[in-house]
Amino acid sequence: MKLKFLLLAVILGSLSLFACSDDDDYTPDETVQTAFEAKYPNATRVSWEKKGIYRVAEFRINNQEIHAWFDNSGEWFMTKTELETINALPVKVQEAFKKSEYATWKVDDVDKVERPESEPVYVIEVEQGKQEIDLYYSEEGILIKTVIDDDSKPEDHLTNTLPASVKSFIQERYPNARIIEYEIEKGNLEVDIIDGTKGKEVVFNSNYEWLYTKYEVSRLEVPENVMNTLNTLLASQYAGYVIDDIDFYETSTTSYYRFELESGNREVKIDIDTNGNILN
């Protein structure tokens, strides 16, 4: 009886190994391979894997490790190039990072991300203790956004085109803006732009209707009447809390400042409009 169980375990283990091997040896359709070879004719050491609806090529060019995302029709969605060290970043990105609040954090990973219809983005993954943050920079060193690191995100939230109505809205409302990054997040389309020297996130619903635009601001950018309202709260019901972050929101009906306050492990968000009225 023991021998039978042992043989069964060996057989199941072998099947498992074969299953893993098939996945590792995955070969995409000819359409995908043709699209890949046209985009990266100098690629070497190419291997493929499936990630959701995407076919991801891992390869090397000039000894750099690169990953490129395609769908099954051969449409290109994203390319991520792994940079060996932070010194491989553009000089302005390095300088901006060294001046940031994350300069003392451990740098875990550095990537260059390229997408259709947008400019390259440089992503610095930093960690401190159990915290992991991805910092997104434009080529000229403007911090576009900071997000909690999520390795599953690129495969689950990609889109490779922006609707004409979205591009038209951005051009009309932010005529000097440049589109840097975009993705689907919780059913909404989030478009990251640089407007002047400010990184902004423009958010649309599933029907591509504008919901809001938000961007980080400093205390010096907050009007005095708004700060007076906040200071009143900090002196009363939120005594002991300090300001962690400040974001400015624009919507079709109002504009307001969102203050993220913290005290130990407690966090709270306070929205105050430009007239100094508390919204929540």
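Residues numbered from 1 in each chain as written. Predicted model: local features only at pLDDT ≥ 70, side-chain atom pairs only at ≥ 80, totals over all residues. Heavy atoms only, no water.

Colleague: Just checking my understanding: could you explain the overall build of the protein for this structure?
Modeller: In terms of helices and strands, the protein carries 6 helices and 15 strands. Every one of the 280 residues in the protein was classed for burial, and the buried ones make up 43%. Look at the contacts in the protein between residues 6 or more apart in sequence, and 40% of them connect residues 24 or more apart. Summing over all exposed atoms, the protein offers an accessible surface of approximately 16100 Å²; the carbon and sulfur share of this is 48%. (Helix = DSSP H or I, 4+ residues; strand = E, 2+ residues; numbered from the N terminus. Buried < 20%, exposed > 50% of the residue type's maximum accessible area, 1.4 Å probe, protein only. Contact = heavy atoms within 4.5 Å. Areas by Shrake-Rupley, 256 points an atom, 1.4 Å probe, with all protein chains shown as cover.)

Colleague: Before we go on, may I ask you to explain the sheet that holds strand 2 (residues 54–61) in this structure?
Modeller: Strands belonging to one sheet form pairs held by backbone hydrogen bonds; the direction of such a pair is parallel or antiparallel. The sheet built from 8 strands is open, its strands ordered 1-2-3-4-5-6-7-8 with antiparallel pairing. Edge positions in the sheet fall to strand 1 (44–51) and strand 8 (143–148), since each has one partner strand and no second. Going from strand to strand, the sheet's axes swing by 20° on average, the running direction of each strand aside. Bridge count for strand 2 against strand 3 (residues 64–70) is 7 bridges, and the pairing is antiparallel. The residue of strand 3 that forms the bridge with Ala57 is Ala68. (Pairing = 2+ DSSP bridges. Axes fitted to C-alpha atoms, helices over the stretch in contact; angles between N-to-C directions.)

Colleague: Would you explain the environment of Lys92 in this entry?
Modeller: Mapped onto the elements, Lys92 comes out in helix 3 (residues 91–98). The sequence separation of Lys92 and Gly141 amounts to 49 residues, and the corresponding C-alpha distance is 4.8 Å. Not counting chain neighbours up to four residues away, the residues in contact with Lys92 comprise Glu139, Glu140 and Gly141.

Colleague: What's the story with the pairing of strand 5 (residues 106–114) in this structure? I'm lost.
Modeller: Every regular strand shows the same layout, with side chains that alternate between the two sheet faces. In the sheet, strand 4 (residues 76–82) pairs with strand 5 via 4 bridges, with the strands oriented antiparallel. Bridging across to strand 5, Glu82 finds its partner in Asp111. When strand 5 meets strand 6 (residues 121–128), the two strands line up antiparallel, connected through 7 bridges. The residue of strand 6 that forms the bridge with Val107 is Val126. With antiparallel pairing between neighbouring strands as the criterion, strand 5 and strand 6 make up a hairpin whose turn holds 6 residues, including Glu117 at a positive phi of roughly 60°.

Colleague: Can you help me understand the sheet that holds strand 11 (residues 198–204) in this one?
Modeller: The 7 strands lie next to each other as 9-10-11-12-13-14-15, forming an open sheet whose pairing is antiparallel. The sheet is open, and its two edges are formed by strand 9 (178–185) and strand 15 (266–273), each paired on a single side. Within the sheet, the average angular offset between the axes of one strand and its neighbour, ignoring direction, is 25°. Contacts from helix 6 (residues 224–234) reach strand 13 (242–250), strand 14 (255–263) and strand 15 within the one sheet, and its direction differs from that of strand 14 by about 30°.

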